[in-house]
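# Structural features, examined
Here are the chains, one letter per residue:
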Amino acid sequence: LTTSRHSMMHSLLSNIPVDAIVTTNYDTMFEDACRASQQPIYALPYEVRTPNSKWILKLHGDVNHPEDIVLTREQVDRYDDRRKALSGIVQALLITKHMLFVGFSLQDENFHKVATTMRTAFNPPH
């Protein structure tokens, strides 16, 4: 997971002109692809982002920070305790941006919590 190799798909995706990426992957292949094409990218919440820079939000942690990787049922259940602010970023993106989902099955429980919160906020009970 710490190799600097990445696929052609990562290279193609890294060249889409967007500045915000959200992933549940904890590898660094997307970041490696960006850097290989001379595009600075910052991994949130681990690096301080500079203005007008491309960033990737690592919802389930990062291989360079193994203590944060979300793999087990217990870690999924405790997700809100440690990463509530990250869910807030995803909520803001869902409200303000168009989002393209690539390689994401939409089965992630934490994503469903965020989506349910959004539906409730925009469709209050009558």
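Residues numbered from 1 in each chain as written. Predicted model: local features only at pLDDT ≥ 70, side-chain atom pairs only at ≥ 80, totals over all residues. Heavy atoms only, no water.

## Remarks on the environment of D68
With respect to the secondary-structure elements, D68 resides in the loop between β3 (54-58) and α3 (73-77). Between the alpha carbons of D68 and P51 there is a distance of 26 Å; along the sequence they are 17 residues apart. The contact partners of D68, leaving out residues within four places of it in the chain, are Y46, H60, G61, R82 and R83. Only 3.1 Å separates the side chain of D68 from the side chain of Y46, close enough to count as a polar contact. (Helix = DSSP H or I, 4+ residues; strand = E, 2+ residues; numbered from the N terminus. Contact = heavy atoms within 4.5 Å. Polar contact = N/O pair within 3.5 Å; in protein donor to acceptor, adjacent residues only side chain to side chain.)

## Section: the pattern of salt bridges
Taken as a whole and judged by the stated rule, the model has five salt bridges. The residue D68 makes a salt bridge to R83 at a minimum N-O spacing of 3.6 Å. Residue D68 is found in the loop between β3 and α3, and its partner R83 is found in helix α4 (residues 79-96); the two are separated by 15 residues along the sequence. R83 carries the same exposure label as D68, and that label is buried. Of the charged contacts in the structure, one is a salt bridge between E74 and R78, with a shortest N-O distance of 2.8 Å. Note on E74: relative accessible area 52%, which makes it exposed. Residue R78 is classed as partly exposed on the basis of its relative accessible area of 34%. (Salt bridge = Lys/Arg side-chain N within 4 Å of Asp/Glu carboxyl O. Buried < 20%, exposed > 50% of the residue type's maximum accessible area, 1.4 Å probe, protein only.)

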